[in-house]
Amino acid sequence: NLKLKENKPLFEEIIKRRAQQAQFLKYTTHAEFRIERRMAKTTEWVEGFLGQLRTTLCPRGRDEISVLQHRRL
């Protein structure tokens, strides 16, 4: 935290270069470039996967919270 002001230009340069590299390689973002090299091939797949988790897990989580709140009373 103390060196934040000193490092800010470096971080900005890194972000700028990553964006340029992604565009050069025909990706829309650096994240899209990185994610392809990992578990997923596209950001759309990741968004779909997270949406699926949201629709299946969030209701279950709410149910569990409700049960725990009733037990607490």
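Here the structure is a predicted model, which is why all the values come from computation and not from measurement.

Enquirer: Sorry, what's going on with a positive patch on the surface here?
Expert: On the surface, Arg18, Arg34, Arg37 and Arg38 cluster together to form a positively charged patch. You can call Arg37 exposed: its relative accessible area is 63%.

Enquirer: What exactly am I supposed to notice about the packing of aromatic side chains here?
Expert: Each pair of aromatic rings is reported with the distance of its centres and the angle of its planes. Following the criterion strictly, the structure yields two aromatic pairs and no others. Pairing Tyr27 with Phe33 gives two aromatic rings, centres 5.5 Å apart and planes at 65°, and the pair type is edge-to-face. Accessibility classification places Tyr27 together with Phe33 in one group, the buried group. When the centroid spacing of 5.3 Å and the interplanar angle of 5° are considered together, the rings of Trp45 and Phe49 count as stacked. Taken together, the residues Trp45 and Phe49, both in helix α3 (residues 43-72) and four residues apart, mark about one turn of the helix. Judged by its relative accessible area of 43%, Trp45 is partly exposed.

Quick notes on the rules
- Residues numbered from 1 in each chain as written.
- Predicted model: local features only at pLDDT ≥ 70, side-chain atom pairs only at ≥ 80, totals over all residues.
- Heavy atoms only, no water.
- Patch = residues over 30% accessible without salt bridge, like charges linked within 9 Å, V, L, I, M, F, W, Y side chains within 5 Å.
- Areas by Shrake-Rupley, 256 points an atom, 1.4 Å probe, with all protein chains shown as cover.
- Salt bridge = Lys/Arg side-chain N within 4 Å of Asp/Glu carboxyl O.
- Lys, Arg positive; Asp, Glu negative; His and termini not counted.
- Charge placed at Lys NZ, Arg CZ, Asp CG, Glu CD.
- Buried < 20%, exposed > 50% of the residue type's maximum accessible area, 1.4 Å probe, protein only.
- Phe/Tyr/Trp six-rings, centres within 6.5 Å; stacked < 30°, edge-to-face > 60°.
- Helix = DSSP H or I, 4+ residues; strand = E, 2+ residues; numbered from the N terminus.

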